[in-house]
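Results of the structural survey
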Amino acid sequence: MGDYMAQEDDWDRDLLLDPAWEKQQRKTFTAWCNSHLRKAGTQIENIDEDFRDGLKLMLLLEVISGERLPKPERGKMRVHKINNVNKALDFIASKGVKLVSIGAEEIVDGNAKMTLGMIWTIILRFAIQDISVEETSAKEGLLLWCQRKTAPYKNVNVQNFHISWKDGLAFNALIHRHRPELIEYDKLRKDDPVTNLNNAFEVAEKYLDIPKMLDAEDIVGTLRPDEKAIMTYVSCFYHAFSGAQKAETAANRICKVLAVNQENEHLMEDYERLASDLLEWIRRTIPWLEDRVPQKTIQEMQQKLEDFRDYRRVHKPPKVQEKCQLEINFNTLQTKLRLSNRPAFMPSEGKMVSDINNGWQHLEQAEKGYEEWLLNEIRRLERLDHLAEKFRQKASIHEAWTDGKEAMLKHRDYETATLSDIKALIRKHEAFESDLAAHQDRVEQIAAIAQELNELDYYDSHNVNTRCQKICDQWDALGSLTHSRREALEKTEKQLETIDQLHLEYAKRAAPFNNWMESAMEDLQDMFIVHTIEEIEVQQLVPKRDHALLEEQRKQQSNEHLRRQFASQANIVGPWIQTKMEEIGRISIEMNGTLEDQLSHLKQYERSIVDYKPNLDLLEQQHQLIQEALIFDNKHTNYTMEHIRVGWEQLLTTIARTINEVENQILTRDAKGISQEQMQEFRASFNHFDKEHGGALGPEEFKACLISLGYDVENDRQKQTGSMDSDDFRALLISTGYSLGDAEFNRIMSVVDPNHSGLVTFQAFIDFMSRETTDTDTADQVIASFKVLAGDKNFITAEELRRELPPDQAEYCIARMAPYQGPDAVPGALDYKSFSTALYGESDL
């Protein structure tokens, strides 16, 4: 208590040298002393002189403290006076006040500065120190009280105890707020400060029994009125209206309760809005991911793959963060509701955390199937393109070979041929038949490829089938023409052989020459067909094949480089993510240091994780190159891009959830006064039974944990299905006199697991363990507070709410209070009882 006003220990002695301020202090302090001394039938005229013997000083302290001081010495000598003043100073010191440089000798000698300083110290201790508004005290408390009381008044803005009071409106506002019948506030003018000040001083003296301690002219004529004089005078108003303190306390309680409810409602609305937005996005996205209509070309499917890549890299990550934030908001809200003695929040139907998790799981299943489908489609189209190109190549070669063949077979050159010509034509035709039979395989291959393209649903199957049918029809025609030409040649040969018999003798003579001619013609013809044309074609194809093989080799070398490049980065990023996940788990479980230490450590980890993001972006770029190159396997790494993405999202979510858990633990600890040792004991017990390190306990594990902390569980043997073995479980059945049967345990589970998830988090666990260590507001307390504001009536009016509560909270109440229906109701009466009960009822929007 000795430091209650440490900033006032040095009471600005130098400022007292200002004559205007000293004059104001003399008048104010004298009036203040007399307001108390007159209760003992005396007063002072000169503050410097009248306290010199110590007698009136001791009397003043007895009046304002209500206590008896030691008997004063009545002698007239200096020593008697010093002893009396010392007795007064000793009494002041016994109240925890540090008297800096104030000695009895200075008071006895009539030192004005020291005397004023001593009186100011007395005023601070007995008139101002005990002022407390919303956990502030002394000067700050008095200032906040003034601000709260004058807030509704125009042209009043109290920020200090000097210039904020110069125009007199603040003094009048204070009086009007408590006694509106004494002041016609609307008639006051800001530009007439002297009138305003004198009006307030006269009304205060006449009706409030507050003596006039200031002069209007002194205040207006001073650039900066004396702060101590103003504080002293204003403190008299505070105490004069002390009868209203009960209402003030009631209003403070209501304000706190309403502030909690407003904040909780805001969190509920945020949750509902975020949940609606996220569920709507999931609802829109799933059909897109479930759309399996294939495109016709690789380019179109690659565009779909690019769209999916944008979804994974651009559109989904913010939604992952929203989902994480939604869970954090939900957990924080439930913690605050528990701490403020409110029931658990139940979201609207279909917007539970479990509903969002189910929707998210459906999304990720569709997402996984979609990517697999895209890659399979691209593989299919790649094979189709290869087959289609193979079909076109073989068809073109075949069509080039058949070009002119029908005309050749239809040519009736045998009609004018000689027998030797016919024989040559027959041999040539036999060679053609052999070539035709050799081409049968190519035609069958073309038909087989066309059939496969049809089975694989090739988009241009119609043109392929048309071309294939044309080739087959032409092939049948060539077979028919070949047969007809053979018959014609053989028929002509028989005719010419008959004619040849007629020229036998001539033929015999010409035989050597004819044989030579036929042989020459045959050789020349065979070389033209076989050696010249086919050898030239082969020599042209070999370089083309070599070039194609070289291109393929370069492509595969580039693909291998891309595989190694991706694998090198993935084999760094993947283990890094896993390591960070394990480290975060250890930080949250091991309880090293205080909760603030853990929070600081976790936030450092969060920053290091965010800073690592460029490494993931680089990996995404490398993965894009791999997909564009249509590479579907990588033997150099076990990590896929999807593995990395999911791991990264889990890492961000885990660190955010863990930070939120620690923040909520700090909220609970501070609200319920849990010591660091207790927190460590709770964590150690919880960790012991959290065998899987999942951060939550099942019902049996939770029950066993309670036993380990001293609860006796009357548990059926059939229900021992937790993660402990039976010996461990029996060892924990320590009877401490607290019986926890199934019914009681089920009740506890409904408290720690209101959403019936089957799991108890550490946050819910410590909430339960510390449930009786805090004083929470109740509906009855709030009803009692409203009853004070309503002047003991069973209803309250909008005017009373606006007068006693801050504007936003007054309007909050007015908008939500139902009309009062009792027999004593008046127009505009509001039912504060049902409103107060509803504050602690179901948390429903």
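Anything mentioned here points back to the structure above.
Anyway, here's the lowdown on the structure attached to this text. Everything quoted here is computed from the prediction, not taken from an experiment.

**Some remarks on the overall build of the protein chain**
Summing up its helical and strand segments, the protein chain has 30 helices and 8 strands in all. Put simply, the protein chain has 845 residues, and 44% of those count as buried. Restricting to contacts in the protein chain with at least 6 residues of sequence separation, those with at least 24 account for 74%.

**Remarks on unusual backbone geometry**
In this model, Asn155 sits at a positive phi of 65°, which is unusual for a non-glycine residue. In this structure, Asn155 sits in the loop between helix H6 (138-150) and helix H7 (169-178). Judged by relative accessible area, which is 48%, Asn155 ranks as partly exposed. Here the phi dihedral of Asp457 falls at roughly 60°; this positive angle occurs in a residue that is not glycine.

**Digging into the nonpolar core**
Of all hydrophobic cores here, the largest spans 75 residues; its most connected members are Trp32, Ile122, Trp165, Phe171 and Phe237. The biggest single contributor to this core is helix H5 (residues 112-128), with 11 residues. With sequence-adjacent residues up to four places away left out, Trp32 is seen in contact with Leu60, Ile64, Ile122, Ile123, Ala127, Met213, Thr232 and Cys236. Core analysis: the next-biggest nonpolar cluster, separate from the first, contains 47 residues, Leu616, Ile626, Trp648 and Met769 among them.

**Overview of the pattern of salt bridges**
For side chains of opposite charge, pairing can occur when their charged atoms come near one another. With the rule as written, the count across this model stands at 55 salt bridges. One salt bridge in this structure joins Lys603 and Glu663, with 3.9 Å as the shortest N-O distance. You can see Lys603 sitting in helix H19 (residues 595-611) and its partner Glu663 sitting in helix H21 (residues 641-672), a full 60 residues away along the chain. The class of Lys603 is partly exposed, set by a relative accessible area of 32%. Among the salt bridges present, the one from Lys793 reaches Glu800, with a minimum N-O distance of 2.6 Å. Connected through shared salt-bridge partners, Arg312, Arg313, Lys316, Glu364, Glu367, Glu620, Glu642, Arg645 and Glu649 make up one network.

**Focus on the packing of helix H1 (residues 19-37) against helix H2 (residues 55-65)**
Direction vectors running N to C along H1 and H2 enclose 65°, while the axes themselves pass 9 Å from each other. For the element pair H1 / H2, the angle class is roughly perpendicular. For the crossing formed where H1 meets H2, the hand is left-handed. Where H1 abuts H2, its residues Trp32, Cys33, His36 and Leu37 lie against Lys56, Leu59, Leu60, Val63 and Ile64. Looking at the contact of H1 with H2 residue by residue, the class counts come to 7 nonpolar, 1 polar and 1 charged.

**Things to note about the packing of aromatic side chains**
One pass over the structure, following the stated rule, counts 30 aromatic pairs. An angle of 35° between the planes, with centres 5.8 Å apart, marks the rings of Phe308 and Tyr311 as tilted. Taken together, the residues span about one helical turn, with Phe308 and Tyr311 both in helix H12 (residues 298-339) at a distance of 3 residues. Of the two residues examined, Phe308 and Tyr311, each falls in the buried class. In this structure an aromatic cluster arises from ring pairing among Phe161, Trp165, Phe171, Phe201, Tyr233, Phe237 and Phe241. The side chain of Arg125 reaches across the aromatic face of Phe126, ending 5.1 Å from its centre. Just above the ring of Trp401 sits the side chain of Lys405; from NZ or CZ to the centre is 4.9 Å.

Conventions and cut-offs
- Residues numbered from 1 in each chain as written.
- Predicted model: local features only at pLDDT ≥ 70, side-chain atom pairs only at ≥ 80, totals over all residues.
- Heavy atoms only, no water.
- Helix = DSSP H or I, 4+ residues; strand = E, 2+ residues; numbered from the N terminus.
- Buried < 20%, exposed > 50% of the residue type's maximum accessible area, 1.4 Å probe, protein only.
- Contact = heavy atoms within 4.5 Å.
- Core = buried A, V, L, I, M, F, W, Y, C linked by side-chain atoms within 4.5 Å.
- Salt bridge = Lys/Arg side-chain N within 4 Å of Asp/Glu carboxyl O.
- Axes fitted to C-alpha atoms, helices over the stretch in contact; angles between N-to-C directions.
- Parallel < 35°, antiparallel > 145°, perpendicular 65-115°, else oblique.
- Left-handed = near helix turned anticlockwise from the far one by under 90°.
- Nonpolar A, V, L, I, M, F, W, Y, C, P; charged D, E, K, R; others polar.
- Phe/Tyr/Trp six-rings, centres within 6.5 Å; stacked < 30°, edge-to-face > 60°.
- Lys NZ or Arg CZ within 6 Å of the ring centre and 35° of its normal.

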